[in-house]
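A closer look at the structure
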Amino acid sequence: MSDPRPLAGQVALVTGGAKNIGRAISLALAAAGAAVAVNTLSSREDAEAVVKEIRAAGGTADVFLADISDAAAVRAMGEAVIKRFGKIDILVLNASQRREILFKDMTFEDWRNTMSITLDGSFHCIKACLPSMLEHKHGNIITLGGDAVLLGGNKKSHNTTAKNGLVGLTRALAKELAEDGIRVNCVSPGSFNTSRPAHRSARADPKGKIPLGRVGEPEEIAASVRFLCGPGGGYITGQVLHVNGGAFIFA
């Protein structure tokens, strides 16, 4: 019989953990036994709601406010998480900038805003969490990609570039940190139902290009993250797991 709480005793930091996919990941890791640090920049009420839900189910969680593009703020957040929970075992890099804009209309500020959150933010968060992982010779770092990494994306050149950077970072760190017992993987969502409450049924595939015939639910991404962080994913590192209902069959 499988362990219902395979992450018991571990501590997870989830960036952008208050809404949509981040919320689902926070809840899934907590249900698996991890204490969860729910990071947000501005969605404090949503983050507090996630923490309340986790605690109501018997779990442990707290809200940690920080702009992940701010190195000093991230260092302070990492220190606060360790002070509260004692360590950091799992880092889920979910926060990103998703604004759509045509490249011809894009300013350098638009470009840098996306890079500062997706790439610079990942750098800052990993640097803040890595010492604890190295100390304990154990850790899981999960980056969140997207189908635009392989398919491209209209009005998403900045986000596509940043997410491709995350894939490169994932593979490089997986090799570099393997001997320290730290695994690094990327979960890459396709089309997901993030505009409505998670309990609603998934919408049908609007363009008829997903073999499973529907968009995914946030909980399905969260289940993949939970698997990779648990014992079942113990021999997996440096990989990109595409969770997209088979959409790449048509790529």
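In what follows, the structure referred to is the one given above.
Worth saying up front: this structure is predicted, and the values here are computed from it rather than measured.

Quick look at the overall build of the protein chain now. Each helix and strand counted, the protein chain has 7 helices and 7 strands in total. The linear arrangement of helices and strands in the protein chain, starting from the amino end, is β-α-β-α-β-α-β-α-β-α-α-β-α-β. Compactness check: the protein chain gives a C-alpha radius of gyration of 17 Å against a globular reference of 18 Å for 251 residues, within 12% of the reference. In terms of overall dimensions, the protein chain has a C-alpha envelope of 45 × 45 × 40 Å along the principal axes. Looking at charge distribution, the protein chain has the averaged site of its 29 positive side-chain charges lying 3 Å from that of its 24 negative ones.

So, on to the packing of helix H1 (residues 20–31) against helix H2 (residues 44–56). Relative orientation of the contacting elements H1 and H2 amounts to 20°, with a least axis distance of 10 Å. The orientation of H1 relative to H2 falls into the category roughly parallel. Between H1 and H2 lies a crossing whose hand is right-handed. Residues Arg23, Ser26, Leu27 and Ala30 of H1 form the contact with H2, whose own contacting residues are Val50, Glu53 and Ile54.

With that settled, the discussion passes to the sheet that holds strand S4 (residues 90–93). An order of S3-S2-S1-S4-S5-S6-S7 is seen for the 7 strands of this open sheet, with the pairing classed as parallel. Edge strands, defined here as strands with exactly one partner in the open sheet, are strand S3 (61–65) and strand S7 (240–243). For this sheet the average axis-to-axis angle between neighbouring strands, irrespective of direction, equals 20°. Two elements, strand S2 (residues 35–40) and S3, share 5 bridges in a ladder whose sense is parallel. Within S3, the residue paired with Asn39 across the bridge is Phe64. Helix H6 (residues 157–177) rests against strand S5 (139–144), strand S6 (182–189) and S7 of the sheet, and its axis sits at about 160° to S6. Contacting S4, S5, S6 and S7, helix H7 (residues 218–229) runs over the sheet at an angle of about 165° to S6.

Let us now look at the nonpolar core. Formed by 32 residues in total, the largest nonpolar core has its most connected members in Ile25, Leu29, Val92, Ile221 and Val225. Residue contributions to this core peak at 7 residues, all from H1. Ignoring anything within four residues of it in the chain, the contact list for Leu29 reads Leu7, Ala12, Val14, Ala34, Val36, Ile90, Val92, Val225 and Arg226.

As enumerated under the stated definition, the model contains 12 salt bridges in all. Across the pair Arg112 and Asp120 runs a salt bridge whose closest N-O atoms are separated by 2.5 Å. One network of salt bridges, in which partners are shared, links Arg55, Asp62 and Arg84.

Positioned with a positive phi, Lys137 is a non-glycine residue whose angle comes to about 55°. You can see Lys137 is positioned in the loop between helix H4 (108–136) and S5.

Taking 1.5 Å per residue, 21 residues should reach 30 Å; H6 reaches 30 Å between its end C-alpha atoms and fits that length. Those residues of H6 not exposed but buried are His158, Asn159, Thr160, Ala162, Lys163, Leu166, Val167, Thr170, Leu173, Ala174 and Leu177. Against H4, S5, helix H5 (148–151), S6 and S7 lie the buried residues of H6.

In this section: the packing of H4 against H6. Where H4 meets H6, the axes come as close as 8 Å, and the angle between the chain directions of the two elements is 20°. One finds that H4 runs roughly parallel with respect to H6. Crossing hand, H4 versus H6: right-handed. Of H6, the residues touching H4 (which contributes Asp110, Trp111, Thr114, Met115, Thr118, Leu119, Ser122, Ile126 and Leu130) are Ser157, His158, Asn159, Thr161, Ala162, Lys163, Gly165, Leu166, Leu169, Leu173 and Leu177. In terms of residue class, the contact of H4 with H6 is built from 10 nonpolar, 8 polar and 2 charged.

Each value, and the rule that gives it
- Residues numbered from 1 in each chain as written.
- Predicted model: local features only at pLDDT ≥ 70, side-chain atom pairs only at ≥ 80, totals over all residues.
- Heavy atoms only, no water.
- Helix = DSSP H or I, 4+ residues; strand = E, 2+ residues; numbered from the N terminus.
- Rg over C-alpha atoms; globule rule 2.2 N^0.38 Å.
- Lys, Arg positive; Asp, Glu negative; His and termini not counted.
- Charge placed at Lys NZ, Arg CZ, Asp CG, Glu CD.
- Axes fitted to C-alpha atoms, helices over the stretch in contact; angles between N-to-C directions.
- Parallel < 35°, antiparallel > 145°, perpendicular 65-115°, else oblique.
- Left-handed = near helix turned anticlockwise from the far one by under 90°.
- Contact = heavy atoms within 4.5 Å.
- Pairing = 2+ DSSP bridges.
- Core = buried A, V, L, I, M, F, W, Y, C linked by side-chain atoms within 4.5 Å.
- Buried < 20%, exposed > 50% of the residue type's maximum accessible area, 1.4 Å probe, protein only.
- Salt bridge = Lys/Arg side-chain N within 4 Å of Asp/Glu carboxyl O.
- Expected span 1.5 Å × (residues − 1).
- Nonpolar A, V, L, I, M, F, W, Y, C, P; charged D, E, K, R; others polar.

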